[in-house]
Amino acid sequence: MQGHSAEFSRRLGDRGWLGMTWPRRYGGAGRSPRERFTVVEELLAAGAPIAAHWIADRQTGPLLLRVGTERQKRAFLPEIARGRLFVAAGLSEADSGSDLASVRTRATPTATGWRVSRRKVWTSHAHRSHYLLALVRTAPREGDRHTGLSQLLIRLDAPGVHVRPIEVMTGEAHFTEVTLDDVDVPADMVVGTVGDGWRGVLAELAFERSGPERYLSTFPLLAELTSGQVGQDTAALVDIGSATARLWALRMLSLRVQDLLEWGKPTDTAAALVKDVGTRLEGEIVDIARRAGGPAASGALAGLLRDAQLAAPSFTLRGGTNEILRGLVARGLEV
Ligand SMILES: Cc1cc2nc3c(=O)[nH]c(=O)nc-3n(C[C@H](O)[C@H](O)[C@H](O)COP(=O)(O)OP(=O)(O)OC[C@H]3O[C@@H](n4cnc5c(N)ncnc54)[C@H](O)[C@@H]3O)c2cc1C
């Protein structure tokens, strides 16, 4: 899933497989959410390199369709759907990861728009993207912390933007730290209403939390375990069968959330649930592979297991940690 190939994304765009559900007048393919789900699921199951277009296609585009201006829709959506324009998600900051409403990146008004300063961190692929969709504080924090926040589209090649890649233990550098040093952002780059950015963030996070990527990261590993190439005792078969059954149930849940998103119904609780249960299953599949293949694993299984073990700690963090998601579910259930 972390595989990044601008060329692959361009080819997907040329086939009409990005922005699939968006209206044709904005460069979309006018297809159904279920058709999009099928394409995304196949890409994930095959381990395709989808990182380049991922955020723009999954989050930014749908957000612009909902709350963007007509000008923003015409400027951004067709280029995203062609796989030519990539966006990074600028939410997290040092000390503001789980507690997003505490972000300290400030935007102060100027004659032409906003001047933005401070630093974002854990920004996936900012060094290979064209824009950063940043959550910033546009009004002083007083009373309700969730007001006074806005989302701005910031060009990553604008003067004052500095992007530093951060290497992770797999040896990859898909994370970055983005420093914003008095960056001027035109007024028409605010997405949604000034001061009402929190609502947009919640919608964006629901798209981020409920999709098939939340239970399919380690699918190639599970598929390898069922390929007949790995010797399996009864205990391993029980584990594999149980994981497969749970994967299927999660798929039904995830499809349901896609329907709710499509119908404009609230999805925060259900999306949080998919991500909590799904990411734990992804981790369990690694444990099952370790038990079934163990140190003796060789060939494709050994390679997949090594990569999955190194990536596993991030499953329950990215897109919001599981502790926070359980809090959301508890609040949603009014317990
Ligand atoms: C692979 C990956 C990709 C990412 N990509 C992006 C990206 O593109 N853009 C972006 O903006 N961010 C990105 N992130 C950041 C990610 O969203 C944050 O790491 C995450 O939200 C947690 O924030 P934090 O790391 O600051 O941890 P903290 O918020 O410091 O939390 C540390 C621990 O304390 C727990 N905790 C915190 N508050 C509470 C509470 N109130 N109750 C119970 N437990 C609590 C957390 O659950 C966690 O276990 C990415 C992270 C990963 C791993």
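Residues numbered from 1 in each chain as written. Predicted model: local features only at pLDDT ≥ 70, side-chain atom pairs only at ≥ 80, totals over all residues. Heavy atoms only, no water.

Caption draft 1: A look at the overall build of the protein. From N to C terminus, the protein includes 11 helices and eight strands. By the compact-globule yardstick of 20 Å for 335 residues, the protein fits well, its C-alpha radius of gyration being 20 Å. Over its C-alpha atoms, taken along the principal directions, the protein stretches across nearly 70 × 40 × 40 Å. For the protein, the share of sequence-separated contacts (at least 6 apart) that also reach a separation of at least 24 residues comes to 72%. Summed over its atoms, the accessible surface of the protein is roughly 15,500 Å², and 54% of this surface lies on carbon and sulfur atoms. (Helix = DSSP H or I, 4+ residues; strand = E, 2+ residues; numbered from the N terminus. Rg over C-alpha atoms; globule rule 2.2 N^0.38 Å. Contact = heavy atoms within 4.5 Å. Areas by Shrake-Rupley, 256 points an atom, 1.4 Å probe, with all protein chains shown as cover.)

Caption draft 2: Examining the pairing of strand β2 (residues 106-109) more closely. The pairing of β2 with strand β3 (residues 113-121) spans four bridges and is antiparallel. Bridge pairing links R106 to S117 in β3. The hairpin formed by β2 and β3 contains three residues between the paired strands. (Pairing = 2+ DSSP bridges.)

Caption draft 3: Geometry of the packing of helix α5 (residues 197-210) against helix α8 (residues 234-262). At a minimum axis separation of 10 Å, α5 and α8 run at an interaxial angle of 155°. The pairing of α5 with α8 is recorded here as roughly antiparallel in orientation. Between α5 and α8 lies a crossing whose hand is left-handed. Listed contacts from α8 to A206, F207 and S210 of α5 are S254, V257, Q258 and L261. For the contact of α5 with α8, the per-class residue count stands at four nonpolar, three polar and no charged. (Axes fitted to C-alpha atoms, helices over the stretch in contact; angles between N-to-C directions. Parallel < 35°, antiparallel > 145°, perpendicular 65-115°, else oblique. Left-handed = near helix turned anticlockwise from the far one by under 90°. Nonpolar A, V, L, I, M, F, W, Y, C, P; charged D, E, K, R; others polar.)

Caption draft 4: Quick look at helix α4 (residues 70-81). Taking 1.5 Å of rise per residue, 12 residues should cover 16 Å, and α4 covers 16 Å from first to last C-alpha, within 8% of that figure. Where α4 is concerned, the buried positions are Q72, K73, F76, L77, I80 and A81. Along the axis of α4, the buried positions cluster into a sector of 120°, meaning they face one direction only. Close packing links the buried residues of α4 with α1 (6-14), α3 (51-67), β4 (131-137), β5 (149-155) and β8 (190-191). Where α4 ends, the next residue or the one after it, G83, has phi of about 75°, a positive value. (Expected span 1.5 Å × (residues − 1). Buried < 20%, exposed > 50% of the residue type's maximum accessible area, 1.4 Å probe, protein only. Arc of directions from axis to C-beta.)

Caption draft 5: Region of the structure containing the packing of helix α9 (residues 268-293) against helix α11 (residues 322-332). Where α9 meets α11, the axes come as close as 9 Å, and the angle between the chain directions of the two elements is 140°. Classified by the interaxial angle, the pair formed by α9 and α11 is oblique. Crossing of α9 over α11 shows left-handed handedness. Across the interface between the two elements, T269, A272, L273, K275, D276, T279 and R280 of α9 pack against N322, L325, R326, L328, V329 and G332 of α11. Its residues assigned to classes, the contact of α9 with α11 comprises five nonpolar, four polar and four charged.

Caption draft 6: Structural detail: the packing of aromatic side chains. Under the definition given, this model contains two aromatic pairs. Centroid distance F76 to Y131: 5.0 Å. Interplanar angle 75°. Geometry classified as edge-to-face. Taken together, the residues F76 in helix α4 and Y131 in strand β4 connect sequence positions 55 residues apart. Across this residue pair, the class does not change: F76 and Y131 are buried. In this arrangement the basic side chain of R15 is found over the ring face of W17, its NZ or CZ atom lying 4.5 Å from the centre. (Phe/Tyr/Trp six-rings, centres within 6.5 Å; stacked < 30°, edge-to-face > 60°. Lys NZ or Arg CZ within 6 Å of the ring centre and 35° of its normal.)

Caption draft 7: Up close: a nonpolar patch on the surface. Taken together, the side chains of L253, L273 and V277 define a hydrophobic patch exposed on the protein surface, amounting to about 200 Å² of accessible area. Mapping V277 onto the fold places it in helix α9. Accessibility expressed as a relative area gives 36% for V277, which makes it partly exposed. (Patch = residues over 30% accessible without salt bridge, like charges linked within 9 Å, V, L, I, M, F, W, Y side chains within 5 Å. Salt bridge = Lys/Arg side-chain N within 4 Å of Asp/Glu carboxyl O.)

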